[in-house]
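# Chains, contacts and geometry: an overview
Spelled out, the chains give:
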Amino acid sequence: MGEEHQVSSSYWLETAPDGHHPALDGDLDVDVAVIGAGIAGLSTAWELTRAGRSVAVLEAGRVAAGVTGHTTAKVTALHTLVYDKLRRTRGPEGARLYARSQSEAIGHAARIAEELGVDCEWESRSAYTYARDPGRVAELRAEAEAAAEAGLPASFVTETGLPFPVAGAVEVTGQAQFHPRKYLLALAADLVERGGRIFEDTTVLGLDEGEPCRLSTATGATVRARDVVVATHYPIFDRALLFARLSTRRELVVAGTIPAGQDPDGMFITPDEDTRSVRTAPLEGDRRLLIVTGEHFTPGTSDPRARLERLTAWATGHFPDLEVTHRWATQDTEPTDTVPMVGPLHPGARHAYVATGFGGWGMTGGIMAGRLLTAQITGEESEWSGLYDPRRLKTAVREAPALLKTQAKVAGHFVGDRLRPSPPVESLPPGEGAVVRADGHRVAVYRDEDGGFHAVSARCTHLGCLVDFNAAERAWECPCHGSRFDTDGKVIQGPATKPLEQRDL
């Protein structure tokens, strides 16, 4: 398999110092336990520590190495095409609250970076949502009008710094971009210095919402906390049935160096062409790092190799001097009713909270969530609590077609994937995987480069859908809720918390 068809590591993970935190090896009592050390979890923990709470962060992998470590890291309140829809579904006040909460997150992050003295490559940039199809100009004009009405410095433009003409674009000035891992490692260091505790390689398996709450972990340790925050990107607990209102999508990323003079000087995204997102980052000398994202697909439903080839061709076609250095993938969680879910975990929750459904805009969303959850836990008021409340039902009912479509896709995979034909194991070439039948069961089999077979159960340990093989990343993926496993069945990404069961061929 050619290198151009294979995913490598994220630029953000390669270019930030690799801090280390111990695994939890004994019982612990704290005011607040935060599950997940991405931008939402660490922002929440940092804010709570500043508010005087004792906090423990429990991370199954490494700090800022999951979804946050694979983002494009745009810090912007322009979220493709959201404001005209919010104006219609949440009213002008809902759109204004959304714009203000996201914009305040940008300023808050800038102040934190300055206060901590962290060189996180913070750069001010305009953000653009563009289209090349003249048929979308009216839609872009409506979005620019709605965004401006919501309070953003937005306007409709027909010229951008992109190396090709556009039919039109929404421009919002005064936005930003940064190095997410450098920012979060500084946040984590300050949190620990102020008495907070961070535990890596610590998988949480269960939550008992008593007083105090009790978290059980894979290491056998128990954490007792008055309040618990679930910030695992996709919630690992299903008691709120949030999985019925969330869908996952995966996108590919191509990055490499270009001459600094070819920097398009902005952050760009289009909803067309399976999305195309463009930004740059600073490098030494006279070059910039170009980051291009696109080719979204549901995990476990597509061979990403052809998509990666298309994305690379698009990037090099428009930036002929691009020297590709990195290819990776990112994953996003979409709410069926547009707005992230940040607040109480379920209608009866008194001390359990969640942050999820950022829809690809987790930088401002995660920072906003940290401030909102801290306000709720410490008893303060927030004017946008209602907008982001996970318990909302009116908008979920109003946008029921999206919810029903999501669940129909899940049901289709749950039934239809069990009817797929099974290839013979011997036909698998090295580096490939497939789901086969063995003794009446579906088995996920991977053949390594030496010809050896690795067999695990094909049933996702979350809710039982069948996984499929992602050849570009050499991972098993669940198409229902986005859980991902390595070739030996170990969990890479939740909501699953338990590995795929080993099988003997």
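Residues numbered from 1 in each chain as written. Predicted model: local features only at pLDDT ≥ 70, side-chain atom pairs only at ≥ 80, totals over all residues. Heavy atoms only, no water.

Spatial ordering of the open sheet is given by E21-E22-E23-E24, a layout of four strands whose pairing is antiparallel. The sheet is open, and its two edges are formed by strand E21 (468-470) and strand E24 (491-493), each paired on a single side. The pairing of E21 with strand E22 (residues 475-477) spans three bridges and is antiparallel. Of the residues in E22, the one forming a bridge with Asp468 is Glu477. (Pairing = 2+ DSSP bridges. Helix = DSSP H or I, 4+ residues; strand = E, 2+ residues; numbered from the N terminus.)

The biggest cluster of nonpolar side chains holds 103 residues, and the ones touching the most others in it are Leu42, Tyr83, Tyr183, Val342 and Tyr388. By residue number, the principal contributor to this core is helix H4 (residues 91-116), which donates nine residues. Residues in contact with Tyr83, not counting those within four places in the same chain, are Ala77, Leu78, Ala95, Tyr98, Ala99, Glu143, Ala146, Ala147, Ala150 and Leu152. In terms of nonpolar packing, the next biggest core, distinct from the first, is built from 28 residues, Val223, Val228, Tyr234 and Met341 among them. (Core = buried A, V, L, I, M, F, W, Y, C linked by side-chain atoms within 4.5 Å. Buried < 20%, exposed > 50% of the residue type's maximum accessible area, 1.4 Å probe, protein only. Contact = heavy atoms within 4.5 Å.)

Here we come to the state of the cysteines. Overall, the coordinates contain one disulfide when judged by the stated rule. The disulfide bridge from Cys465 ends at Cys480, spanning 2.0 Å between sulfur atoms. The disulfide joining Cys465 to Cys480 has a torsion of about -90° about its S-S bond and is therefore left-handed. Remark: Cys480 occurs in the loop between E22 and strand E23 (484-485) and Cys465 occurs in the loop between strand E20 (453-457) and E21; sequence separation between them is 15 residues. Of the two residues examined, Cys465 and Cys480, each falls in the buried class. (Disulfide = S-S within 2.5 Å.)

Summed over all chains, the structure comprises 40 salt bridges. Residues Asp190 and Arg194 are paired through a salt bridge, measuring 3.1 Å at the closest nitrogen-oxygen approach. Where Glu449 meets Arg474, a salt bridge forms, and the shortest distance between an N and an O atom there is 2.7 Å. Here Glu449 is found in the loop between strand E19 (441-447) and E20, whereas its partner Arg474 is found in the loop between E21 and E22, with 25 residues between them in sequence. For Arg474, a relative accessible area of 24% translates into the label partly exposed. (Salt bridge = Lys/Arg side-chain N within 4 Å of Asp/Glu carboxyl O.)

Once that is clear, we can look at the sheet that holds E20. Pairing is antiparallel in the open sheet, where three strands are placed in the order E18-E19-E20. Either end of the sheet is taken by a strand with one partner, and the two such strands are strand E18 (432-438) and E20. Each strand axis lies, on average, 30° off the axis of its neighbour in the sheet, ignoring direction. As paired strands, E18 and E19 are joined by seven bridges and run antiparallel to one another. Within E19, the residue paired with Glu432 across the bridge is Arg447. (Axes fitted to C-alpha atoms, helices over the stretch in contact; angles between N-to-C directions.)

Inspection of the entire model under this criterion finds 10 aromatic pairs. Ring geometry for Tyr83 versus Tyr98: centroids 5.7 Å apart, planes at 70°, classification edge-to-face. Placement of Tyr83 in helix H3 (residues 83-89) and of Tyr98 in helix H4 is noted, with a sequence separation of 15 residues between them. Neither Tyr83 nor Tyr98 differs from the other in exposure class; each is buried. Clustering of aromatic rings is evident, with ring pairs tying together Tyr83, Tyr98 and Tyr388. (Phe/Tyr/Trp six-rings, centres within 6.5 Å; stacked < 30°, edge-to-face > 60°.)

The next subject is the side chain of Asp389. For Asp389, the location among the structural elements is in the loop between helix H9 (385-388) and helix H10 (394-398). By relative accessible area, which is 16% here, Asp389 ends up buried. A polar atom in the side chain of Asp389 sits 2.8 Å from the side chain of Arg391. Those residues in contact with Asp389 that sit more than four places away from it in its chain are Val342 and Pro344. (Polar contact = N/O pair within 3.5 Å; in protein donor to acceptor, adjacent residues only side chain to side chain.)

Before going further, it helps to examine the side chain of Asp263. Along the chain, the position of Asp263 falls in the loop between strand E11 (246-259) and strand E12 (267-270). Residue classification places Asp263 among the buried positions, given a relative accessible area of 17%. Of the polar contacts made by the side chain of Asp263, one reaches the side chain of Thr280; its length is 3.1 Å. Leave out the neighbours within four places in its chain, and Asp263 touches Arg125, Ile258, Thr280 and Arg288.

A few words now on the packing of helix H2 (residues 39-50) against helix H6 (residues 180-193). Following both chains from N to C, one finds H2 and H6 inclined at 30°, their axes separated by 10 Å at the closest point. With respect to the hand of their crossing, H2 and H6 are arranged in left-handed fashion. Side by side, H2 and H6 meet where Ile39, Leu42, Ser43, Ala45, Trp46, Thr49 and Arg50 of the first sit next to Leu184, Leu187, Ala188, Asp190 and Leu191 of the second. Its residues assigned to classes, the contact of H2 with H6 shows eight nonpolar, two polar and two charged. (Left-handed = near helix turned anticlockwise from the far one by under 90°. Nonpolar A, V, L, I, M, F, W, Y, C, P; charged D, E, K, R; others polar.)

For an α-helix, 3.6 residues make a turn, and residues three or four places apart therefore share a direction. For H6, built from 14 residues, the straight-helix expectation of 20 Å at 1.5 Å per residue is met to within 8% by its first-to-last C-alpha distance of 20 Å. Three or more residues of H6 are buried, namely Pro180, Arg181, Tyr183, Leu184, Leu185, Ala186, Leu187, Ala188, Asp190 and Leu191. Lining the buried residues of H6 we find helix H1 (11-14), H2, strand E2 (55-58), H4, strand E7 (197-199) and helix H8 (362-377). Remark: Gly195 follows H6 within two positions and exhibits a positive phi of approximately 105°. (Expected span 1.5 Å × (residues − 1).)

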